[in-house]
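Listed below are the residues making up each chain.
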Amino acid sequence: MTKIIESNSDTLLSEKQKKTALSGAGTILKGALKLGEGRALEGAGKAKQAAKKFTAKAIRKRAGQERATKQREAQEIAHQGELLQSEVQARAAGSGAGATDPTVATIQGNIAQETAYRKLSAIFEGEELARGLEDLASLREFEGAVSAEAGRLKRENIKRGVIVSALAANDFSDFFSKFGEDLSSDDDDDEELFFPEE
């Protein structure tokens, strides 16, 4: 019975090999979890970018609507001005004054100026509002791009951190070649495992 146990102990891993294997597996597992976290951060950045693009698109649509509304308002102002001019001419004709009468001409000139001013003000107001909304949309797109880039950089930093941690924990290029060797020799010296001589 003792001989069976002795022969089996030759094929079993030593305690040091088990610890090294568990340590390596733990490092790999932690690395995999961190890489998953990196992918999640990058995905969150991309999702935020998509949301910001959607918001920007809605804001641009609203900018176009505001511009169109103010243009319609300007057309209505022009139309009201034309109706008022016609009314002034009709009243002037009804009172016996002609269209060339200085008072009638002054009133019509004032109406034309006021109409032009109100019309241009409406167009300007709509244009300013639309530009402000378009700038806001551009800002939202920029914020989304920054979020996506930040997520990508976080993932890259995590990836680099995992690589550095793995290299600091063990020399994996040499780990698997040493895995089968008896690591209990050399008087429990772990230096060779972590820093192999070349």
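Residues numbered from 1 in each chain as written. Predicted model: local features only at pLDDT ≥ 70, side-chain atom pairs only at ≥ 80, totals over all residues. Heavy atoms only, no water.

## A few points about the overall build of the protein chain
A count of helical and extended segments in the protein chain gives 5 helices and 0 strands. Ordering the α and β elements of the protein chain from the N terminus gives α-α-α-α-α. Counting only residues that meet the buried cut, the protein chain has 22% of its 198 residues in that class. Accessible surface for the protein chain amounts to roughly 14000 Å². Of this, 58% is attributable to carbon and sulfur atoms. (Helix = DSSP H or I, 4+ residues; strand = E, 2+ residues; numbered from the N terminus. Buried < 20%, exposed > 50% of the residue type's maximum accessible area, 1.4 Å probe, protein only. Areas by Shrake-Rupley, 256 points an atom, 1.4 Å probe, with all protein chains shown as cover.)

## Some words on the nonpolar core
Ranked by size, the top nonpolar core spans 6 residues in total: Ala-56, Ile-59, Ala-63, Ala-130, Leu-133 and Ala-137. Broken down by secondary-structure element, the contributors of at least two residues to this core are helix H2 (15-95) and helix H3 (102-169). In contact with Ile-59, not counting residues within four places along its chain, are Leu-133, Leu-136, Ala-137 and Arg-140. (Core = buried A, V, L, I, M, F, W, Y, C linked by side-chain atoms within 4.5 Å. Contact = heavy atoms within 4.5 Å.)

## So, the environment of Glu-76
Relative to the helices and strands, Glu-76 resides in helix H2. A relative accessible area of 42% means that Glu-76 is categorised as partly exposed. Sequence spacing of Glu-76 and Lys-119 is 43 residues, and the spatial spacing of their C-alpha atoms is 8.4 Å.

## Some details on the confidence of the model for the protein chain
Of all residues in the protein chain, 78% have pLDDT values of 70 or greater, and the mean over the chain is 80. Across the protein chain, H3 holds the top mean pLDDT of 91, while helix H5 (residues 191-194) sits lowest at 43. In the model, residues 1-10 has pLDDT below 50 throughout and makes 0 contacts with residues more than four positions away in sequence or in other chains. Within the model, the stretch residues 179-198 combines pLDDT values under 50 with 26 contacts to residues more than four positions away or in other chains. (pLDDT = per-residue confidence, 0-100.)

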